[in-house]
Structure formats: C-alpha cells, structure tokens
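Topology and contacts: notes
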Amino acid sequence: HIFLKVDPSCLGALPFEPAFKNAVTAGAKELGIEAHPDAKVYVFPSVAGFVGGDTVAVILAAQMHKSDKVRLAIDIGTNGEIVLGNKKRLICASTAAGPAFEGCRISRGMRAAIGAIDKVRLDADVETDVIGGVPATGICGTGVVDAVAGLLDTGVLDETGRILETKEMKEGTSVKLLERLVKQDKQQAFLLVEGEKAFEKKPLFLTQKDVRELQVAKAAIAAGIKILLKEYGIDESGVDEILLAGAFGNFIHPGNARRIGLIPHMQLSKVRSIGNAALAGSAMALLSRDLRREAESIAVSTGYVEIANSPDFNETFVDAMEFPVK
C-alpha cells in the first residue's frame, strides 16, 4: 500500500481488509525507481490483509497449487504465514508470533549477523557456533530454539517452560550443566557463554523471560497449524511434507523445531527447508507472464482462515504453550 501510495489505514482497524488485493503493474519511473524509462513494476496479489504477495510467491515457488501431496508451508517471522493443501484445495492463515524468532525481546537477542550465536548443542556441557567465528555478542532466533530444545533434553527445562534450580535437577546431571544454573536479574537463568569467551567479556545468559518469549511465539505458530489442520479436515498424519520458508526456516534445525513443538511431530525426512521462497517466486513471476497469471489465480483460489476468530483459538494457544514431553 505504502509503496503504491495507497492509504494503508484500512489495515490498522477492523476488519483489517486491504484497499486492494489484485496484482498491480505500474511504471517504475512513476514509483521513483531508477531504471529504464519503460521498465515496469509488478506487485503481487494478496490473499487477505495479513497474507500478502510474499505468501502467494511462496506457493508459486513451491508449486503447492500443482502438487498431489498435502503440504504444510510455514514462513516464520513476526507474522507467521501458514499454507496447507494441494492442487485440490489450499487454505492459509497468519499468526502474530511476535519478534522472538528474529531475536527481539530476547535479553541478548539480535538478528543473524556476525557475532550472533546461531547454533547451540547441549550434552554434558554447552557448545555454541557464532556467525563469523568471533566472540559472541548475542543470540539469534535459531540459537534460541537450539538452546531451548537442548535444555528440554537435558532436563534443565520442564514441559511448562520453567528453568529448574540446581536443587531440583535429577541425580546424575552433569556438574558443568549444574554450574550454569544461576540467578540473573532476579530470575532463573542458564549461562550459555562465559565472560572470557564473549564480546567485551560480557557473559551471555538465556533467562526465564527469554524462554517465555519463545513459548508465546511458538505457541502462536503451533496453534495456527492445528486450527488449519482442523479446518482442512485432517490431522498431522495427513500431512505429506512440511516446507520451512524464509531465512529463519532455512537455517533452523528441524529436529529442534519439532522438539519445542513449533512444527508437528512427524518424520524429519518429511521436513524440508526451501530457502527464500518468496524471492524465488518473485523471480519466477518476473520472467514469465504465464506465471504472473498463475500467481493471480493462486491469490483468488486460496482460502483464508481468520485464526483469531476461531472459537478454538484461545484453548489451542494455551495448550501449545507447553513443550512436548519426550
């Protein structure tokens, strides 16, 4: 809306309907883009107020509208877009996951840039990978998911999301893990990186509040998936494949996403990262009039489910807050 100089205020109030959902072709020059004087800009059609052209591009890139398999595509961000179905029927939804997956509202959270912990492994102790191989500055979304999955597996975190205290840990727990259980800012926390290994010698903790932020984010996505499955008339066993899209989906560890309950519990061989599918779909449409027409057909034929209006949402969301028991 803003790019095309269309008043976007309709998206900020009920019923959150866009001023237009159709595709738009406009001159690049009149939109202020420096390009060939005759260059055209193609703006993808939208499905609904919170399911825009990027989701249509994901469907196009993954060819979900032509597939015999029932696929579940998840593009995880501040808003999580979810698409379910095959060539017979596609439905979609948007969930307000919040910014935790992008590192925001996490105590030492940051985007996936140099200095960010992007991978965490827990066993007898903690191992971390830092983007750029430098001392850790913070932690990005994939690192938080890894850390929480590891804390669940080692018993440091219970299914309600509570970080246990040392005295509550089961007998036989690694001494090194026990030493990492501390109080930080008057809350229970887990030491991920010691000061001598961190940027500016500032130790890096995962706090109880951080875990709660992740729980809210993953519960929003998980609840959206469950409501879509119910709307489609299938359960998890009816899904042939899960497609993880976007930068976050491309780098997340599928097993850890399943462990925290972000995605349905199914064979990991059925979970596949498809990278920046929105960008891929855009490139496809840029190069083909036929694919632009396909995109427009997808936008019209894909059904939209308003998750927040579902009578099951609140109960489903609360249930999804807990972590799966292994």
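Residues numbered from 1 in each chain as written. Predicted model: local features only at pLDDT ≥ 70, side-chain atom pairs only at ≥ 80, totals over all residues. Heavy atoms only, no water.

**Looking at the nonpolar core**
One finds Phe-101, Val-148 and Leu-192 to be the most contacted residues of the largest nonpolar core, which totals 65 residues. Core analysis: the second largest hydrophobic core is formed by 23 residues, Ala-73, Ala-285, Ala-295 and Ala-299 among them. (Core = buried A, V, L, I, M, F, W, Y, C linked by side-chain atoms within 4.5 Å. Buried < 20%, exposed > 50% of the residue type's maximum accessible area, 1.4 Å probe, protein only.)

**Some remarks on the sheet that holds strand 7 (residues 126-130)**
Sheet strands line up and pair through hydrogen bonds in the backbone, either parallel or antiparallel. Overall, mixed pairing links the three strands, which are arranged 7-6-8 in an open sheet. Each having just a single partner strand, strand 7 and strand 8 (138-139) make up the two edges of the open sheet. Sheet contacts for helix 2 (residues 141-153): strand 6 (116-122) and strand 8; angle to strand 6, the most-contacted strand, approximately 15°. (Pairing = 2+ DSSP bridges. Helix = DSSP H or I, 4+ residues; strand = E, 2+ residues; numbered from the N terminus. Contact = heavy atoms within 4.5 Å. Axes fitted to C-alpha atoms, helices over the stretch in contact; angles between N-to-C directions.)

**Some thoughts on the environment of Gly-103**
Relative to the elements of secondary structure, Gly-103 occurs in the loop between strand 5 (90-96) and strand 6. The spacing of Gly-103 and Gly-141 is 38 residues in sequence and 5.0 Å in space, taken between C-alpha atoms.

**Brief notes about the environment of Glu-102**
Tracing the chain through its elements places Glu-102 in the loop between strand 5 and strand 6. Spatially, the C-alpha atom of Glu-102 lies 24 Å from that of Phe-313, the residues being 211 residues apart in sequence. Those residues in contact with Glu-102 that sit more than four places away from it in its chain are Gly-77, Thr-78, Met-110 and Arg-111.

**What to know about the sheet that holds strand 14 (residues 303-304)**
Pairing is mixed in the open sheet, where six strands are placed in the order 13-12-3-4-5-14. The strands lining the two open edges of the sheet, one partner per strand, are strand 13 (271-275) and strand 14. Relative to strand 12 (residues 241-245), strand 3 (residues 71-75) is paired through five bridges, and the arrangement is parallel. Residue Arg-71 lies in a different strand from strand 12, and its bridge partner there is Glu-241.

**Brief notes about helix 4 (residues 208-232)**
The end-to-end C-alpha separation of helix 4 is 36 Å, in line with the 36 Å expected for 25 residues at 1.5 Å each. Most of helix 4 is tucked away: 19 of the 25 residues are buried. Looking one or two residues past helix 4, Gly-233 carries a phi angle of roughly 85°, positive in sign. (Expected span 1.5 Å × (residues − 1).)

**As for the packing of aromatic side chains**
Evaluated as defined, the whole model comprises four aromatic pairs. Judged by centre distance (5.5 Å) and plane angle (50°), the ring pair of Phe-16 and Phe-50 falls under tilted. Separated by 34 residues along the polypeptide, Phe-16 in the segment before strand 1 (24-27) and Phe-50 in the loop between strand 2 (40-43) and helix 1 (53-62) bring together distant segments of the chain. Using a relative accessible area of 34% as the deciding quantity, one classes Phe-50 as partly exposed. Ring plane angle 70° and centroid distance 5.6 Å describe the contact between Tyr-42 and Phe-44, whose orientation is recorded as edge-to-face. Looking at Arg-292, its charged tip hangs above the ring of Tyr-42, at a distance of 5.7 Å from the centre. (Phe/Tyr/Trp six-rings, centres within 6.5 Å; stacked < 30°, edge-to-face > 60°. Lys NZ or Arg CZ within 6 Å of the ring centre and 35° of its normal.)

**Remarks on the pattern of salt bridges**
Applying the stated criterion to the full structure yields 20 salt bridges. A salt bridge links Glu-294 to Lys-66, with the nearest nitrogen and oxygen atoms 3.1 Å apart. Here Glu-294 is found in helix 8 (residues 289-301), whereas its partner Lys-66 is found in the loop between helix 1 and strand 3, with 228 residues between them in sequence. With its nearest N and O atoms 3.4 Å apart, the salt bridge here joins Arg-105 to Glu-213. Taken together, the positions of Arg-105 in the loop between strand 5 and strand 6 and Glu-213 in helix 4 put the pair 108 residues apart, joining distant regions of the chain. Classification of Arg-105 by relative accessible area gives exposed; the value is 53%. Salt bridges here are not isolated pairs; linked through shared partners, they connect Arg-71, Glu-241 and Arg-272. (Salt bridge = Lys/Arg side-chain N within 4 Å of Asp/Glu carboxyl O.)

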